[in-house]
Amino acid sequence: MRGGEARPAPVSPAGAVVTRPDAGGPRPASPRRRSKYGLTPYWFLLPAFVVYACFLLYPLGRAVQISLYDWDGLSLATFVGAANYVDVVTDPKLRAAFGHALVLIFYFAVLPLGIGLVLAALLTRARVRGLGFFRTVVFLPQVIAMVVVAVAWRQIYAPGGQLNTLLRAVGLDSLTRTWLGDFTLTLHAVGLIGTWVSTGLVTVLLMAGMSRIPGELYEAATLDGAGPVRTFLSITVPSVRAEVVVSLTLTIIAALKTFDLIYVTTAGGPGSTTTVPSFEVYRRAFQLGEVGSAAAVAVVLTVLIFLINLAVNRIGERER
(Lines give C-alpha, C1' and ligand atoms only; values in the text may rest on other atoms or scores of the structure.)
Protein backbone atom coordinates (compact mmCIF):
# COMPACT_ATOMS: atom_id res chain seq x y z
CA MET A 1 0.00 0.00 0.00
CA ARG A 2 1.52 3.39 -1.05
CA GLY A 3 0.10 6.82 -0.37
CA GLY A 4 -2.98 5.35 1.30
CA GLU A 5 -4.17 3.69 -1.90
CA ALA A 6 -5.25 0.04 -1.83
CA ARG A 7 -3.45 -2.30 -4.18
CA PRO A 8 -5.88 -3.66 -6.79
CA ALA A 9 -6.54 -7.39 -6.71
CA PRO A 10 -5.04 -9.35 -9.60
CA VAL A 11 -7.45 -10.34 -12.35
CA SER A 12 -7.30 -13.53 -14.39
CA PRO A 13 -7.54 -13.42 -18.19
CA ALA A 14 -11.22 -14.39 -17.95
CA GLY A 15 -11.91 -11.37 -15.74
CA ALA A 16 -12.30 -13.24 -12.44
CA VAL A 17 -10.69 -11.81 -9.32
CA VAL A 18 -7.95 -14.03 -7.95
CA THR A 19 -7.84 -14.24 -4.17
CA ARG A 20 -4.42 -14.33 -2.59
CA PRO A 21 -3.73 -17.01 0.01
CA ASP A 22 -3.01 -14.25 2.54
CA ALA A 23 -6.08 -12.20 1.69
CA GLY A 24 -7.71 -13.00 5.00
CA GLY A 25 -10.37 -15.42 3.64
CA PRO A 26 -11.16 -18.78 5.29
CA ARG A 27 -8.52 -21.39 4.67
CA PRO A 28 -9.46 -24.96 3.91
CA ALA A 29 -9.09 -27.25 6.89
CA SER A 30 -6.16 -29.58 6.83
CA PRO A 31 -6.83 -33.33 6.46
CA ARG A 32 -5.67 -33.80 10.03
CA ARG A 33 -8.16 -31.23 11.35
CA ARG A 34 -10.97 -32.70 9.23
CA SER A 35 -10.34 -36.18 10.57
CA LYS A 36 -10.25 -34.84 14.13
CA TYR A 37 -13.63 -33.14 13.88
CA GLY A 38 -15.01 -36.00 11.81
CA LEU A 39 -14.71 -38.40 14.76
CA THR A 40 -16.12 -36.02 17.35
CA PRO A 41 -19.82 -36.88 16.75
CA TYR A 42 -19.07 -40.57 17.13
CA TRP A 43 -17.44 -39.97 20.50
CA PHE A 44 -20.63 -38.25 21.65
CA LEU A 45 -22.70 -41.18 20.38
CA LEU A 46 -20.47 -43.82 21.96
CA PRO A 47 -22.00 -43.78 25.52
CA ALA A 48 -25.52 -44.12 24.15
CA PHE A 49 -24.42 -46.90 21.81
CA VAL A 50 -22.74 -48.78 24.67
CA VAL A 51 -25.97 -48.66 26.70
CA TYR A 52 -27.95 -49.69 23.61
CA ALA A 53 -25.62 -52.59 22.95
CA CYS A 54 -25.64 -53.81 26.55
CA PHE A 55 -29.40 -53.72 27.03
CA LEU A 56 -30.66 -54.54 23.55
CA LEU A 57 -28.08 -55.93 21.13
CA TYR A 58 -26.45 -58.32 23.60
CA PRO A 59 -29.77 -59.79 24.89
CA LEU A 60 -30.94 -60.15 21.29
CA GLY A 61 -27.76 -61.96 20.38
CA ARG A 62 -28.12 -64.24 23.39
CA ALA A 63 -31.71 -65.00 22.38
CA VAL A 64 -30.52 -66.01 18.91
CA GLN A 65 -27.86 -68.23 20.49
CA ILE A 66 -30.33 -69.89 22.89
CA SER A 67 -32.79 -70.47 20.04
CA LEU A 68 -30.31 -72.89 18.48
CA TYR A 69 -30.44 -75.22 21.51
CA ASP A 70 -32.90 -77.57 23.14
CA TRP A 71 -32.80 -76.25 26.70
CA ASP A 72 -35.16 -76.33 29.65
CA GLY A 73 -33.41 -73.49 31.47
CA LEU A 74 -31.78 -75.72 34.12
CA SER A 75 -29.95 -78.71 32.66
CA LEU A 76 -27.29 -78.80 29.96
CA ALA A 77 -28.41 -77.57 26.56
CA THR A 78 -28.30 -79.67 23.40
CA PHE A 79 -27.48 -78.03 20.09
CA VAL A 80 -30.30 -78.57 17.57
CA GLY A 81 -29.49 -75.93 14.95
CA ALA A 82 -32.51 -74.55 13.14
CA ALA A 83 -34.92 -77.20 14.49
CA ASN A 84 -36.68 -74.68 16.73
CA TYR A 85 -37.26 -72.36 13.77
CA VAL A 86 -38.62 -75.25 11.71
CA ASP A 87 -40.97 -75.94 14.61
CA VAL A 88 -42.23 -72.35 14.44
CA VAL A 89 -43.23 -72.90 10.80
CA THR A 90 -44.61 -76.43 11.11
CA ASP A 91 -46.38 -76.31 14.50
CA PRO A 92 -50.08 -75.51 13.89
CA LYS A 93 -50.44 -73.82 17.29
CA LEU A 94 -47.55 -71.48 16.63
CA ARG A 95 -48.83 -70.66 13.15
CA ALA A 96 -52.23 -69.94 14.67
CA ALA A 97 -50.63 -67.66 17.27
CA PHE A 98 -48.99 -65.56 14.55
CA GLY A 99 -52.31 -65.49 12.69
CA HIS A 100 -54.04 -64.17 15.81
CA ALA A 101 -51.40 -61.44 16.06
CA LEU A 102 -52.17 -60.35 12.49
CA VAL A 103 -55.87 -60.16 13.41
CA LEU A 104 -54.98 -57.95 16.37
CA ILE A 105 -53.13 -55.60 14.00
CA PHE A 106 -56.50 -54.77 12.45
CA TYR A 107 -58.01 -53.91 15.84
CA PHE A 108 -54.94 -52.17 17.31
CA ALA A 109 -53.81 -50.26 14.20
CA VAL A 110 -56.13 -50.21 11.18
CA LEU A 111 -59.47 -49.65 12.93
CA PRO A 112 -58.14 -46.95 15.32
CA LEU A 113 -56.56 -45.19 12.34
CA GLY A 114 -59.89 -45.00 10.51
CA ILE A 115 -61.74 -43.83 13.62
CA GLY A 116 -58.96 -41.42 14.54
CA LEU A 117 -58.91 -39.78 11.10
CA VAL A 118 -62.64 -39.07 11.24
CA LEU A 119 -62.60 -37.91 14.88
CA ALA A 120 -59.54 -35.69 14.42
CA ALA A 121 -60.97 -34.11 11.26
CA LEU A 122 -64.31 -33.38 12.92
CA LEU A 123 -62.76 -31.94 16.07
CA THR A 124 -60.17 -29.85 14.23
CA ARG A 125 -62.52 -28.41 11.64
CA ALA A 126 -65.47 -27.89 14.00
CA ARG A 127 -63.39 -25.99 16.61
CA VAL A 128 -65.14 -27.73 19.50
CA ARG A 129 -65.10 -26.02 22.88
CA GLY A 130 -63.16 -27.80 25.58
CA LEU A 131 -60.87 -29.43 23.02
CA GLY A 132 -58.05 -29.78 25.53
CA PHE A 133 -60.29 -31.65 27.95
CA PHE A 134 -61.46 -33.95 25.17
CA ARG A 135 -57.85 -34.72 24.19
CA THR A 136 -57.10 -35.63 27.78
CA VAL A 137 -60.11 -37.93 28.04
CA VAL A 138 -59.39 -39.65 24.73
CA PHE A 139 -55.71 -40.09 25.58
CA LEU A 140 -56.48 -41.43 29.07
CA PRO A 141 -56.27 -45.17 28.14
CA GLN A 142 -52.63 -44.62 27.19
CA VAL A 143 -51.66 -43.58 30.72
CA ILE A 144 -53.47 -46.48 32.42
CA ALA A 145 -51.49 -49.67 32.90
CA MET A 146 -52.59 -52.39 30.50
CA VAL A 147 -53.12 -54.78 33.40
CA VAL A 148 -55.65 -52.35 34.90
CA VAL A 149 -57.34 -52.00 31.51
CA ALA A 150 -57.51 -55.78 31.16
CA VAL A 151 -59.03 -56.27 34.62
CA ALA A 152 -61.64 -53.57 33.98
CA TRP A 153 -62.68 -55.01 30.61
CA ARG A 154 -62.76 -58.52 32.00
CA GLN A 155 -65.43 -57.30 34.39
CA ILE A 156 -67.31 -55.60 31.55
CA TYR A 157 -67.24 -58.79 29.46
CA ALA A 158 -68.24 -61.06 32.37
CA PRO A 159 -71.58 -62.96 32.09
CA GLY A 160 -73.07 -60.62 34.68
CA GLY A 161 -71.01 -57.64 33.59
CA GLN A 162 -72.01 -54.24 32.31
CA LEU A 163 -72.16 -55.22 28.64
CA ASN A 164 -74.66 -58.04 29.10
CA THR A 165 -76.62 -55.93 31.57
CA LEU A 166 -76.92 -53.16 28.99
CA LEU A 167 -78.02 -55.61 26.29
CA ARG A 168 -80.73 -57.00 28.55
CA ALA A 169 -81.87 -53.50 29.46
CA VAL A 170 -82.52 -52.62 25.79
CA GLY A 171 -84.24 -55.92 25.04
CA LEU A 172 -81.35 -57.66 23.25
CA ASP A 173 -81.15 -60.70 25.52
CA SER A 174 -80.38 -62.93 22.55
CA LEU A 175 -77.03 -61.17 22.07
CA THR A 176 -75.80 -61.76 25.61
CA ARG A 177 -73.07 -64.35 25.93
CA THR A 178 -69.85 -65.21 27.69
CA TRP A 179 -67.73 -62.86 25.64
CA LEU A 180 -64.37 -64.17 26.88
CA GLY A 181 -65.45 -67.81 26.66
CA ASP A 182 -66.80 -67.90 23.12
CA PHE A 183 -64.53 -69.75 20.69
CA THR A 184 -65.62 -67.52 17.80
CA LEU A 185 -65.84 -64.05 19.36
CA THR A 186 -63.22 -63.99 22.11
CA LEU A 187 -60.33 -62.85 19.90
CA HIS A 188 -62.47 -60.06 18.46
CA ALA A 189 -63.64 -59.05 21.92
CA VAL A 190 -60.03 -58.73 23.06
CA GLY A 191 -59.19 -56.87 19.86
CA LEU A 192 -61.85 -54.27 20.60
CA ILE A 193 -60.08 -53.53 23.87
CA GLY A 194 -57.00 -52.73 21.80
CA THR A 195 -59.11 -50.45 19.61
CA TRP A 196 -60.30 -48.57 22.69
CA VAL A 197 -56.73 -48.17 23.94
CA SER A 198 -55.16 -47.13 20.62
CA THR A 199 -57.84 -44.77 19.30
CA GLY A 200 -56.93 -41.99 21.72
CA LEU A 201 -53.24 -42.04 20.83
CA VAL A 202 -53.95 -42.05 17.11
CA THR A 203 -56.52 -39.26 17.40
CA VAL A 204 -54.19 -36.97 19.35
CA LEU A 205 -51.34 -37.54 16.89
CA LEU A 206 -53.58 -36.81 13.90
CA MET A 207 -55.08 -33.73 15.54
CA ALA A 208 -51.58 -32.35 16.03
CA GLY A 209 -50.88 -32.84 12.34
CA MET A 210 -54.21 -31.43 11.15
CA SER A 211 -53.81 -28.29 13.25
CA ARG A 212 -50.85 -27.33 11.04
CA ILE A 213 -52.80 -27.49 7.77
CA PRO A 214 -53.30 -23.93 6.40
CA GLY A 215 -56.94 -22.85 6.41
CA GLU A 216 -56.47 -21.33 2.96
CA LEU A 217 -56.38 -24.82 1.46
CA TYR A 218 -59.85 -25.60 2.78
CA GLU A 219 -61.16 -22.21 1.63
CA ALA A 220 -59.79 -22.78 -1.87
CA ALA A 221 -61.31 -26.26 -1.98
CA THR A 222 -64.69 -24.88 -0.89
CA LEU A 223 -64.57 -22.21 -3.61
CA ASP A 224 -63.81 -24.93 -6.16
CA GLY A 225 -66.95 -26.76 -5.11
CA ALA A 226 -65.33 -29.61 -3.12
CA GLY A 227 -67.55 -31.17 -0.49
CA PRO A 228 -66.51 -32.32 3.00
CA VAL A 229 -65.64 -35.85 1.85
CA ARG A 230 -63.58 -34.68 -1.12
CA THR A 231 -61.80 -32.12 1.05
CA PHE A 232 -61.07 -34.79 3.64
CA LEU A 233 -59.61 -37.20 1.07
CA SER A 234 -57.74 -34.63 -1.02
CA ILE A 235 -56.37 -32.26 1.64
CA THR A 236 -56.63 -33.66 5.16
CA VAL A 237 -55.40 -37.22 4.63
CA PRO A 238 -52.38 -36.36 2.42
CA SER A 239 -51.33 -33.60 4.82
CA VAL A 240 -51.05 -35.95 7.82
CA ARG A 241 -49.21 -38.76 6.04
CA ALA A 242 -46.25 -38.49 8.43
CA GLU A 243 -48.55 -38.74 11.46
CA VAL A 244 -50.28 -41.75 9.89
CA VAL A 245 -46.94 -43.54 9.52
CA VAL A 246 -46.03 -42.81 13.15
CA SER A 247 -49.45 -43.98 14.34
CA LEU A 248 -49.25 -47.24 12.39
CA THR A 249 -45.72 -47.89 13.61
CA LEU A 250 -46.63 -47.47 17.28
CA THR A 251 -49.90 -49.39 17.13
CA ILE A 252 -48.54 -52.29 15.07
CA ILE A 253 -45.74 -52.76 17.59
CA ALA A 254 -48.32 -52.69 20.40
CA ALA A 255 -50.45 -55.29 18.62
CA LEU A 256 -47.62 -57.72 17.95
CA LYS A 257 -46.00 -57.54 21.37
CA THR A 258 -49.17 -57.55 23.48
CA PHE A 259 -48.95 -60.02 26.34
CA ASP A 260 -50.46 -58.61 29.52
CA LEU A 261 -53.85 -58.02 27.89
CA ILE A 262 -54.08 -61.64 26.73
CA TYR A 263 -52.67 -63.04 29.97
CA VAL A 264 -55.13 -61.22 32.23
CA THR A 265 -58.29 -61.51 30.13
CA THR A 266 -58.15 -65.00 28.57
CA ALA A 267 -54.76 -66.63 29.31
CA GLY A 268 -54.77 -67.73 25.67
CA GLY A 269 -58.19 -69.40 25.89
CA PRO A 270 -60.72 -70.69 25.37
CA GLY A 271 -58.54 -73.49 24.09
CA SER A 272 -55.87 -71.68 22.09
CA THR A 273 -58.11 -69.22 20.25
CA THR A 274 -56.41 -66.12 21.66
CA THR A 275 -52.80 -67.24 21.92
CA VAL A 276 -50.32 -64.78 20.43
CA PRO A 277 -46.54 -65.10 19.91
CA SER A 278 -45.60 -63.14 23.05
CA PHE A 279 -47.87 -65.35 25.15
CA GLU A 280 -46.35 -68.45 23.53
CA VAL A 281 -42.90 -67.20 24.53
CA TYR A 282 -44.03 -67.04 28.16
CA ARG A 283 -45.88 -70.38 28.04
CA ARG A 284 -43.04 -72.31 26.45
CA ALA A 285 -40.30 -70.78 28.59
CA PHE A 286 -41.95 -70.80 32.03
CA GLN A 287 -44.69 -73.42 31.83
CA LEU A 288 -43.39 -76.04 29.41
CA GLY A 289 -39.66 -75.58 30.06
CA GLU A 290 -38.85 -75.18 26.35
CA VAL A 291 -36.55 -72.17 26.57
CA GLY A 292 -34.91 -72.75 23.19
CA SER A 293 -38.26 -72.93 21.42
CA ALA A 294 -39.45 -69.81 23.26
CA ALA A 295 -36.32 -67.93 22.17
CA ALA A 296 -36.94 -68.96 18.55
CA VAL A 297 -40.50 -67.62 18.71
CA ALA A 298 -39.19 -64.37 20.22
CA VAL A 299 -36.59 -63.95 17.46
CA VAL A 300 -39.15 -64.61 14.72
CA LEU A 301 -41.54 -62.13 16.36
CA THR A 302 -38.78 -59.49 16.50
CA VAL A 303 -37.99 -59.98 12.82
CA LEU A 304 -41.69 -59.81 11.93
CA ILE A 305 -42.16 -56.55 13.85
CA PHE A 306 -39.10 -55.07 12.15
CA LEU A 307 -40.18 -56.09 8.64
CA ILE A 308 -43.77 -54.88 8.99
CA ASN A 309 -42.73 -51.49 10.37
CA LEU A 310 -39.98 -51.18 7.75
CA ALA A 311 -42.60 -51.76 5.05
CA VAL A 312 -44.94 -49.18 6.61
CA ASN A 313 -42.20 -46.54 6.77
CA ARG A 314 -40.97 -47.28 3.23
CA ILE A 315 -44.50 -46.93 1.85
CA GLY A 316 -44.95 -43.68 3.76
CA GLU A 317 -41.69 -42.25 2.42
CA ARG A 318 -42.54 -43.32 -1.14
CA GLU A 319 -45.94 -41.63 -0.99
CA ARG A 320 -44.31 -38.48 0.37
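Here we summarise the structure given alongside this text. Since the model is a prediction, treat every value here as computed from it, not as a measurement.

1. A closer look at the pattern of salt bridges
Pairing between side chains of opposite charge can happen when their charged atoms approach one another.
Consideration 1: With the rule as written, the count across this model stands at 7 salt bridges.
Consideration 2: In this structure, the salt-bridge partner of Asp182 is Arg177, at a minimum N-O distance of 3.7 Å.
Consideration 3: Exposure remark for Asp182: the relative accessible area of 18% places this residue in the buried category.
Consideration 4: By relative accessible area, Arg177 is classed as partly exposed at 29%.

2. Description of the side chain of Asp91
Consideration 1: With respect to the helices and strands, the residue Asp91 is situated in the loop between helix 2 (83-90) and helix 3 (92-126).
Consideration 2: Since its relative accessible area comes to 16%, Asp91 is described here as buried.
Consideration 3: Side-chain polar atoms of Asp91 contact the side chain of Arg284, separated by 2.9 Å.

3. Brief notes about helix 7 (residues 186-210)
Consideration 1: Between the first and last C-alpha of helix 7 there are 36 Å, a value that for 25 residues agrees with the 36 Å anticipated at 1.5 Å per step.
Consideration 2: The sharpest bend along helix 7 comes to roughly 30°, located at Ser198.
Consideration 3: For helix 7, the tally of buried residues reaches 19 of 25 residues, placing the bulk of the element in the interior.

4. With respect to unusual backbone geometry
Consideration 1: Of note, the bond from Gly269 into Pro270 is cis; its omega dihedral lies within 30 degrees of zero at -5°.
Consideration 2: Considering the arrangement of structural elements, one finds Pro270 in the loop between helix 11 (260-265) and helix 12 (277-287).

5. Regarding the nonpolar core
Consideration 1: Counting 51 residues, the largest nonpolar core has Leu117, Leu206 and Met210 as its most contacted members.
Consideration 2: Sorting the residues of this core by element identifies helix 3, helix 5 (146-157), helix 7, helix 8 (215-223), helix 9 (228-239), helix 10 (241-256), helix 11 and helix 13 (291-319) as the ones contributing at least two each.
Consideration 3: By residue number, the principal contributor to this core is helix 3, which donates 12 residues.
Consideration 4: Excluding residues that lie within four positions of it along the chain, Met210 makes contacts with Leu117, Ala120, Ala121, Thr124, Thr236 and Val240.

6. Examining the packing of aromatic side chains
Consideration 1: Within the structure shown, the criterion is met by 11 aromatic pairs.
Consideration 2: Members of the aromatic cluster, each reached through a chain of ring pairs, are Phe259, Tyr263, Phe279, Tyr282 and Phe286.
Consideration 3: Its end group placed over the ring of Trp179, Arg177 keeps NZ or CZ at 5.7 Å from the ring centre.

Definitions and limits used
Residues numbered from 1 in each chain as written. Predicted model: local features only at pLDDT ≥ 70, side-chain atom pairs only at ≥ 80, totals over all residues. Heavy atoms only, no water. Salt bridge = Lys/Arg side-chain N within 4 Å of Asp/Glu carboxyl O. Buried < 20%, exposed > 50% of the residue type's maximum accessible area, 1.4 Å probe, protein only. Helix = DSSP H or I, 4+ residues; strand = E, 2+ residues; numbered from the N terminus. Polar contact = N/O pair within 3.5 Å; in protein donor to acceptor, adjacent residues only side chain to side chain. Expected span 1.5 Å × (residues − 1). Bend = angle between axes of the 7 residues up to and from the residue. Core = buried A, V, L, I, M, F, W, Y, C linked by side-chain atoms within 4.5 Å. Contact = heavy atoms within 4.5 Å. Phe/Tyr/Trp six-rings, centres within 6.5 Å; stacked < 30°, edge-to-face > 60°. Lys NZ or Arg CZ within 6 Å of the ring centre and 35° of its normal.

No statement about biological role is implied by the geometric values presented.
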